[in-house]
Amino acid sequence: MTTPQSLRDQALSRIAAASDLDALEALRIEYLGKQGSISALLKTLGQMSPEERKAQGPLINGARSDVAESLAVRKAALENEELDARLAGETLDLTLPAPQALRGSVHPVSQVMDELAEIFADLGFSVATGPEIEDDWHNFTALNMAETHPARAMHDTFYFPDTDGDGRRMLLRTHTSPVQIRSMLAEGAPLRMIAPGRVYRSDSDATHTPMFHQVEGLVIDKGIHLGHLKWTLETFLKAFFEREDIVLRLRPSYFPFTEPSVEADVGFAIENGRRVLGGDGNVPGHGWMELLGSGMVNARVIEFAGLDPAEWQGFAFGVGVDRLAMLKYGMDDLRAFFDGDQRWLTHYGFSAFDQPTLSAGVGAAA
C-alpha cells in the first residue's frame, strides 16, 4: 500500500526534476487534481475509523501541503529561468529613434488670426467679437445700407424665418461690420478695434465659400483722416507679409458705410508660378492686385452708433482672413480650407509651439 510519506517523497523528487511549466502543471494535476493520488488519499479519510483518521489525517494533509509548496517554489524558479532566457535572447536597440507620435496642427486660418491679433495689438487695437446670428438693423441699416441694397437680397444673404423682439429679421451676418456698431454703442469713442470672425454669404467657387473668415478694423477719434488709414494699412501689410517693399495704391470706390471709400491695391510679381506681394505695381514685371476695401466712416454710421460726427471721425477697413492666408502661404483653392483633409492640414498646418510674435516674425514656418 502506498503511504502518504512515500507518495510525498515521490512527488517532491519529480517536481524538482520538472524541466518546464507544462511538465510541472501535469504533476500538479497528477497529485493534487480532482483525480490526483494525494486527493484520493484525502477522500479515504471519510472511510476510516476515528483512530485511523487521527493517525493518517496529519500525514496526508502534511503531504498535500508539502507538495503544493514545492509546486509553487518550482513554478517561480521555472518562470524566472524563462524570463532570463527571454532577456538573454531579446535585445532593444536604444539608439533607434522612437516612432513619431501623431500630432495635430494649427489651421492656417487660426494661425493668421493670431498673427493679425499680434500685429494690431502692437498698434494699440483691441480685439472685439460679436454674434454670428445677427439682426438686419446691425448688419445693414446701421451701416447705411438702404432697404433696396442688393446685399439684402435672399440670394446673397442667409435669412432665418424668425424675428427678434423688435420685429427685426434675423440672419447670418454677411460681414463683421456689426461688431463695429456694437462696439461703438457699448464703448463710445475714442476706439481702436479689429473684429475677426466667421461670416456667411450665398456664394461658392474656387475663391468663395458660403462661410469664410473676415477681419475688419475701425478707428474712431478726433481729427482722423485718410493719411492715418493709409499708414495703418501699410504698417499692417508690411508686418504681416514680412516685407518692407509693400506698395499701396488707393483707388476711389463706393461702400455705403464709408465716405470717401477706397480700394487698396498692392503691388505684386509672379515668382515660380506664385503671386508674391511686394514692389511697385507700375514696374515692368509687376502688377496691381485689389486686396481690401476701406474708407472714412460715413457720418450716418457714426450717428447710428450714437456719436456726433461733427466731433468724431474715423476710418474702417475689411479683408478676408482666408485670402490673406492664401497669399502668404501659397494655397490656391479656398474650398480646401474647409474640406478637413488630413493631408492638406498636415502640409499647411502649423505647430502649436509656433506662436506668432513681432520680435521673431509673425509668420511661423509651415
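Residues numbered from 1 in each chain as written. Predicted model: local features only at pLDDT ≥ 70, side-chain atom pairs only at ≥ 80, totals over all residues. Heavy atoms only, no water.

Draft legend 1. Quick look at unusual backbone geometry. A cis geometry characterises the amide bond from Ala189 onward to Pro190, with omega recorded as 0°. Checked against the element boundaries, Pro190 lands in the loop between helix 7 (177–187) and strand 5 (191–200). Of note, the amide linkage connecting Glu259 to Pro260 takes the cis form, showing an omega dihedral of 0°. Along the chain, the position of Pro260 falls in strand 8 (residues 258–271). The backbone of Asn144 shows a phi angle near 65°, a positive value even though the residue is not glycine. With respect to the helices and strands, Asn144 occurs in the loop between helix 6 (136–139) and strand 3 (159–163). We classify Asn144 as buried; its relative accessible area is 18%. Unlike most non-glycine residues, Glu242 shows phi in positive territory, near 55°. Within the element layout of this structure, Glu242 appears in the loop between helix 8 (226–241) and strand 7 (248–255). Residue classification places Glu242 among the partly exposed residues on the basis of a relative accessible area of 43%. (Helix = DSSP H or I, 4+ residues; strand = E, 2+ residues; numbered from the N terminus. Buried < 20%, exposed > 50% of the residue type's maximum accessible area, 1.4 Å probe, protein only.)

Draft legend 2. Fine view of the pattern of salt bridges. If you walk through the whole model with that rule in mind, you get 18 salt bridges. The salt bridge partner of Arg8 is Asp66, with a shortest N-O separation of 2.6 Å. Within this pair, whereas Arg8 is found in helix 1 (residues 4–17), its partner Asp66 is found in helix 4 (residues 50–89), the two being separated by 58 residues in sequence. The class for Asp66 is partly exposed, based on a relative accessible area of 29%. Between Asp265 and Arg251 there is a salt bridge, and its shortest N-O distance comes to 2.4 Å. Note that Asp265 is positioned in strand 8 and Arg251 in strand 7, a separation of 14 residues in sequence. A residue is classified by how much of its surface remains accessible, and Asp265, at 2% relative accessible area, is buried. The partly exposed category is assigned to Arg251, whose relative accessible area is 28%. Salt bridges here are not isolated pairs; linked through shared partners, they connect Arg249, Arg251, Asp265 and Glu290. (Salt bridge = Lys/Arg side-chain N within 4 Å of Asp/Glu carboxyl O.)

Note that all results are geometric; they support no functional claim without further evidence.
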